[in-house]
Every structure is written in structure tokens, then in C-alpha cells.
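The primary structure of each chain is shown beneath.
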2 protein chains.
Amino acid sequence: MPKLKRISESTISRLSRYYRALVQLDKDNYETVSSKDLANLEHLTPAQVRKDLSFFGSFGTRGLGYPVRELKDKIARILGVDQEWNVALVGIGNIGSALVSYKEFARQGFKIKLLFDNDQRKIGSNHKGIVIRDVANLTRELKDNHIEIVVIAVPPQQAQAVCDDIVKADVKAILNFAPINLKVPKGVSLRNENMAMELEHLSFCLVNDHYCEQG
Amino acid sequence: MPKLKRISESTISRLSRYYRALVQLDKDNYETVSSKDLANLEHLTPAQVRKDLSFFGSFGTRGLGYPVRELKDKIARILGVDQEWNVALVGIGNIGSALVSYKEFARQGFKIKLLFDNDQRKIGSNHKGIVIRDVANLTRELKDNHIEIVVIAVPPQQAQAVCDDIVKADVKAILNFAPINLKVPKGVSLRNENMAMELEHLSFCLVNDHYCEQG
DNA sequence: GAATGTGAAGGTTTTCACAGCA
DNA sequence: TGCTGTGAAAACCTTCACATTC
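Just so you know, these numbers come straight off a predicted model, no measurement behind them.

## With respect to the relation of the copies chain A and chain B
Reasoning step 1: The two copies are related by a screw operation: chain A maps onto chain B through 179° of rotation and 0.0 Å of translation along the axis, at an RMSD of 0.1 Å. Overall, the copies show the geometry of a two-fold rotation axis. Among all residues of chain A, the minimum C-alpha distance to the rotation axis is found for Ala98(A), at 3.2 Å.
Reasoning step 2: Residue by residue, 100% of the interface of chain A is reproduced at the interface of chain B, so both copies engage with the same surface.

## Some words on the packing of aromatic side chains
Reasoning step 1: The full count for this structure, using the stated rule, is eight aromatic pairs over all chains.
Reasoning step 2: Centroid distance Tyr102(A) to Phe105(A): 4.9 Å. Interplanar angle 85°. Geometry classified as edge-to-face.
Reasoning step 3: An angle of 85° between the planes, with centres 5.7 Å apart, marks the rings of Tyr211(A) and Phe56(B) as edge-to-face. Of this pair, Tyr211(A) sits in the segment after α9 (195-207) while Phe56(B) sits in the loop between α3 (46-54) and β2 (66-67), each in a different chain. For the pair Tyr211(A) and Phe56(B), a shared accessibility class is recorded, and that class is buried.
Reasoning step 4: Site record: aromatic cluster; members linked through ring pairs are Phe56(A), Phe204(B) and Tyr211(B).

## Comments concerning the interface of chain A and chain B
Reasoning step 1: Each side of the interface is counted separately: chain A has 75 residues, and chain B has 75 residues.
Reasoning step 2: Where chain A abuts chain B, roughly 6900 Å² becomes buried across the two surfaces, and 64% of that area is made up of carbon and sulfur atoms.
Reasoning step 3: At the boundary of chain A and chain B, one finds two salt bridges.
Reasoning step 4: Note that Glu198(B) and Arg191(A) form a salt bridge whose closest N and O atoms lie 2.6 Å from each other.
Reasoning step 5: Our enumeration of links across chain A and chain B arrives at 19 residue pairs in polar contact (both at pLDDT 80 or more).
Reasoning step 6: Within the residue set of the side of chain A that touches chain B, elements represented by two or more residues are α1 (9-27), α4 (68-79), α5 (94-100), α6 (103-107), β8 (173-176), β9 (189-192) and α9 of chain A.
Reasoning step 7: Top element by residues in the side of chain A that touches chain B is α9(A). It accounts for 13 residues.
Reasoning step 8: Its residues assigned to classes, the side of chain A that touches chain B comprises 39 nonpolar, 18 polar and 18 charged.

About the thresholds
- Residues numbered from 1 in each chain as written.
- Chains lettered and ligands numbered in written order.
- Predicted model: local features only at pLDDT ≥ 70, side-chain atom pairs only at ≥ 80, totals over all residues.
- Heavy atoms only, no water.
- Least-squares fit on C-alpha atoms with pLDDT ≥ 70 in both.
- Contact = heavy atoms within 4.5 Å.
- Phe/Tyr/Trp six-rings, centres within 6.5 Å; stacked < 30°, edge-to-face > 60°.
- Helix = DSSP H or I, 4+ residues; strand = E, 2+ residues; numbered from the N terminus.
- Buried < 20%, exposed > 50% of the residue type's maximum accessible area, 1.4 Å probe, protein only.
- Buried area = accessible area lost by both parts, 1.4 Å probe.
- Salt bridge = Lys/Arg side-chain N within 4 Å of Asp/Glu carboxyl O.
- Polar contact = N/O pair within 3.5 Å; in protein donor to acceptor, adjacent residues only side chain to side chain.
- Nonpolar A, V, L, I, M, F, W, Y, C, P; charged D, E, K, R; others polar.

The following block contains the structure:
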């Protein structure tokens, strides 16, 4: 009985973690798993696991636990990783090229279909079997190729302009690696990966260990 | 009058954002900034800004606002980015090599001093001016070189073993790119960058836009 | 007058605890 | 008996509102 309540960011992130754990449990031929086991695997509490899952339905059996395979598939459905997504990547610099070869992406159904850059020397060349296109045509090519998710890996100065072009192509999901706060209209989902910020978090913990709860 | 209360993760992350904004304001020769201005720059509320800062002291002047340069320096101090940190990177694959050239790191005082890999073909070779060492000697070399922060960019199967070696070297801060939940003892700070998880978050939003608050 | 610093209020997330079911 | 599902309680985080200071 899923209620139409807003789901918190943390619940969604934990869903990813449950999913990962369940994939492993399934590989290891476990049939069922209790909220306690699942919680231990991901260093969470059993109540948290049950509450999170309860937002989406009643997947378990009292006295027994959750059926591994079935729960895995249900969560895959909820997360949208039971289908393929067309992904484009803008900015084929250090991070961009690393992402092209990042195996975890393809494994989960995220297919990198298009690459873009603004460097004339790169445009037209092949990168791991994908031709690099001119970012000048970004909006049109995203539309023509039915891209659903775009990854931004350009320098911060160019990120907002690129982002605006992406939004114009009606793309509703953006993953941003540029260390800048992008503005997107309502209805567009934006996630940020900011490595410098994570390092700053760590240095904060090193300097202020009395404030900072362990790891 | 900083109280000895635990600081929330979100406050620490916002501190990084204030810092970035203040660096820019200082470059643009602003002398003072109000909580309202700072909030607008980072899409937050003025009350949030004031509350966050108040955990660490009273940096502003009533009726005037905060002195930009001074606040920037104070936050740099709090975040620990007023000093240099010795960083090592384990795993010189796609992501690892991208990180070596990531300019944002060095700019903030995070100096990559050592590189490690387990691939005999890579060990001993030069990567952007840094020699790649054998991960077999990880613990000893981290100790000998007074490394304070280690970045893990190895495949998930090897991540926990690498992590254990890092902990043995008394390193207290780890940034992990492997899609796995590492176990670290109390007192060690661990941050995770999980790109697959961010993409899953986006696909969740695409599939469940009714649950998912905008961007 | 203008904007900080901060208790108190309000909202959200997590944990508790137990009823309910296999 | 064992473990889920879930209201209620507790903890936590954000916003409000205003006294306070320049």
C-alpha cells in the first residue's frame, strides 16, 4: 500500500545500497533476508530498512523476512534500473574520459550514447568507439538521439551554458561534476558530484575531530 | 562562542559552499556580504547561513553583514584548507588517473604525493611526474611519507583490503570511489563517491517524478 | 535602519516498541 | 516463536521571529 508521500533523498540513496546488497545476496544464492541482515550488510538499523521499504509496499513475510530475488527485482523497478537509459557526456577531459570507461555505468543499464566537447582537435575523433561531437549542436543532437540523462564534465565557467542547452533539449536528469551550483528549472533533476567538497569534508574532520562523528 | 556540539554533515557541506562563494566574492572585491546575499548565491536561506556560521563563532557585524576576506579565511581555517595535506592515491585506472590531473585538488591544498597500483606493468613507471609504487608496500610507504588522506580508486573486490592497509598506516581520512561499503574503525573518517548511486538517483526521479522533489 | 545571533517553533527523519501475521 | 509493518516518540535539522548590536 504505497502512500503518495514525498520520498526523502536519504531513502533513495539507501535504496541503491539495498539493491547492491541484494544483487550480491542473490549471486550468493540466498533465498531470503531479514531486515536485520540487510541492515548489518549496509551498516544501518533494521527499523530503517523496514521503514524505507514500507514506503513502496509490503515486500516481506512476517516471521521470515524478504525474498531476495523478488525484492531485488522490485527495487530495480523502483530505481528504474530494470531498463536502459540513453546517456550523453559533455566534456571529454580527464574526468569525462574516465567516465566513458567506467564499467559500473554500463552494467546498470546506463548506456553512454553521445560524447561532446568544444575542442576542435577532439571533435570528430573517436574515443573508445564513440565519435566526439561538437558541443555547439548539443541541444539538437540530444533531442534527435532521445537522450534521457546527461553528465556534465566541463570546466565550471562553461557548465551553466551547457546546462541551459541540455534543459532546452527537454532532458530531465543531469549529473554535474563541475564545482558550481547549476540552476535548473523545476521538473529537472540535478545531482552533483563534487570531489573537492568531499576532500574538504575530510580535512574538516582531520582538523575538528571533536566535532566530527567518526567515519 | 562556539559550543562543543556535533556539527551536522549538511552544515559541513554548506561550509564548503560558503567558502567557494566567498573566494569568488573576494576576487570580485566585495568587502562585506550579508547572510541574505550569501544565501542567494548558494540557493539557501539567510537563517540557515547565520545558524551554520554561529556554530563556529560570531563573525558578523549587526547592521552590516560579514567581512568577506575575514570570513573566507575563518572558514578556510575551519575546513582545514588553509594548510597543505599530503594525499596518496591507490589505483591508477580510469578514475585514478583522472584524479591525478584534477586541478581543483591541488588548488585547495590537497597535494597528491604518492601513487599506488598492483599492476606490475604500471609499477615503477611515471604518471604525470609521479612514480607509481607497489601497493604491496602501501602501509609502510604511507607512514614513511606522512600521508594524511588517501583516495581509493581500486576495483570493489580489492577495496576493503586496501582500506585495511591504509588504516594500519594510521591514516585518519579516506575518500573511497569503489562502489562498496568499507568498514573503518572509529576515529577514521570515510567519505564515499559513488557515481552509479547518483545515476540511480536520477533514474529514480525519471521513473517516479511524483515522489521526487525537483532538482 | 539594517542585519546578526539565537532561543523557540516547526518540520522532517530516524528510532522505538509492539500489534499482527506466518 | 520470529520478523514484518507501522503508529508514536525521539532526535535531528531548518525556519521563524525578535532582541540585540552597530
